[in-house]
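# Inside the fold
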Amino acid sequence: MTPQEAVEKLVERTGVERYRHLAFEHPDPTVRAQYRAFALAQEAGEPYKAPGVVKQATSLVRAVVRHAANGFAWVPADVLGQRLAVCASCEFHDGGRCGKCGCFVVPKAKMASESCPAGKWPAIKSGGKCGSCGSKS
Ligand code: SF4
């Protein structure tokens, strides 16, 4: 089965048209490759494997560094709600954790500097300002 066929079957089975964009049109080649591999694994009936402890620890350290570099900015409540709604319906959401990076979804979604590793929601660069009130931190 080709990646194109796997993605088409996945879209047909789940009704999630966005998989086409994520697998073939997303600007990040890593995201495209991950979604093609995800579709192939799904259509082959293989379970998705969550990241191991080392990857989870690496993701956490990188998230904290990005958070510090972004002035420790948090997102406003409406953005947090939007991010969490996307995570709640995400195929990678796994018991409160993101199955892509291994991070806990709620603290990850609160940090303005964080973005979804599957390209479903972007980071918000604050330039050292609070993501909620806009004042310098
Ligand atoms: S961060 Fe992205 S990949 Fe992870 S659970 Fe949320 S929406 Fe899914």
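In case you missed it, the structure is sitting above this.
Residue indices begin from 1 for each chain and proceed along its sequence in written order. Restriction of local features to residues with pLDDT of at least 70 applies here, the model being predicted, together with a cutoff of 80 or more for giving and counting side-chain atom pairs; totals for whole chains, interfaces and linings are based on all residues.

Helix and strand definitions here come from DSSP, where helices need a minimum of 4 consecutive H or I residues and strands a minimum of 2 consecutive E residues; each element is numbered from the N-terminal end. The helix and strand tally for the chain stands at six helices and two strands. Walking the chain from its N terminus toward its C terminus, one meets helices and strands in the order α-α-α-α-α-β-β-α. Evaluated residue by residue, the chain yields a buried proportion of 23% over its 137 residues. Two residues qualify as a contact pair if the distance between their C-beta atoms, derived from the backbone, is within 7 Å. Across the chain, contacts joining residues at least 24 apart in sequence account for 57% of those joining residues at least 6 apart. A residue is called partly exposed when the number of other C-beta atoms within 10 Å of its own lies between 12 and 20, exposed at 12 or fewer, and buried at 20 or more, with C-beta atoms placed from the backbone.

Here the focus is the packing of helix α2 (residues 18–25) against helix α3 (residues 29–43). All axes here are fitted lines through C-alpha atoms, helices being fitted over the stretch that makes contact, and every angle between N-to-C directions spans 0 to 180 degrees. In the contact formed by α2 and α3, the axes pass within 6 Å of each other and the chain directions differ by 125 degrees. In this view, α2 runs oblique relative to α3, as classed from their interaxial angle. The segment α2 lies against α3, with Tyr 19, Leu 22, Ala 23 and Phe 24 engaging Val 31, Arg 32, Tyr 35, Arg 36 and Ala 39. Gly counts as polar in this scheme, as do all residues outside two lists: the nonpolar Ala, Val, Leu, Ile, Met, Phe, Trp, Tyr, Cys and Pro, and the charged Asp, Glu, Lys and Arg. Looking at side-chain class alone, the contact of α2 with α3 contains seven nonpolar, no polar and two charged residues. These descriptions rest on fixed angle ranges, namely under 35 degrees for roughly parallel, over 145 for roughly antiparallel, 65 to 115 for roughly perpendicular, and the rest for oblique.

As a structural note, the neighbourhood of the ligand is formed by Val 86, Cys 87, Cys 90, Phe 92, His 93, Cys 98, Lys 100, Val 105, Cys 116, Pro 117, Ala 118 and Lys 120. A per-class count over the shell around the ligand returns nine nonpolar, one polar and two charged. For each residue, a C-beta atom is placed from the backbone, and the residue counts as near a molecule or strand when that atom lies within 6 Å of it.

So, on to the nonpolar core. Defined on buried residues, the nonpolar core groups Ala, Val, Leu, Ile, Met, Phe, Trp, Tyr and Cys residues joined through C-beta atoms within 7 Å. The biggest cluster of nonpolar side chains holds 11 residues, and these are Ala 6, Val 7, Leu 10, Tyr 19, Leu 22, Ala 23, Tyr 35, Phe 38, Ala 39, Cys 116 and Ala 118. Sorting the residues of this core by element identifies α1 (3–14), α2 and α3 as the ones contributing at least two each. Other than its neighbours up to four places away in sequence, Ala 23 contacts Pro 3, Val 7, Arg 32, Tyr 35, Arg 36 and Ala 39.

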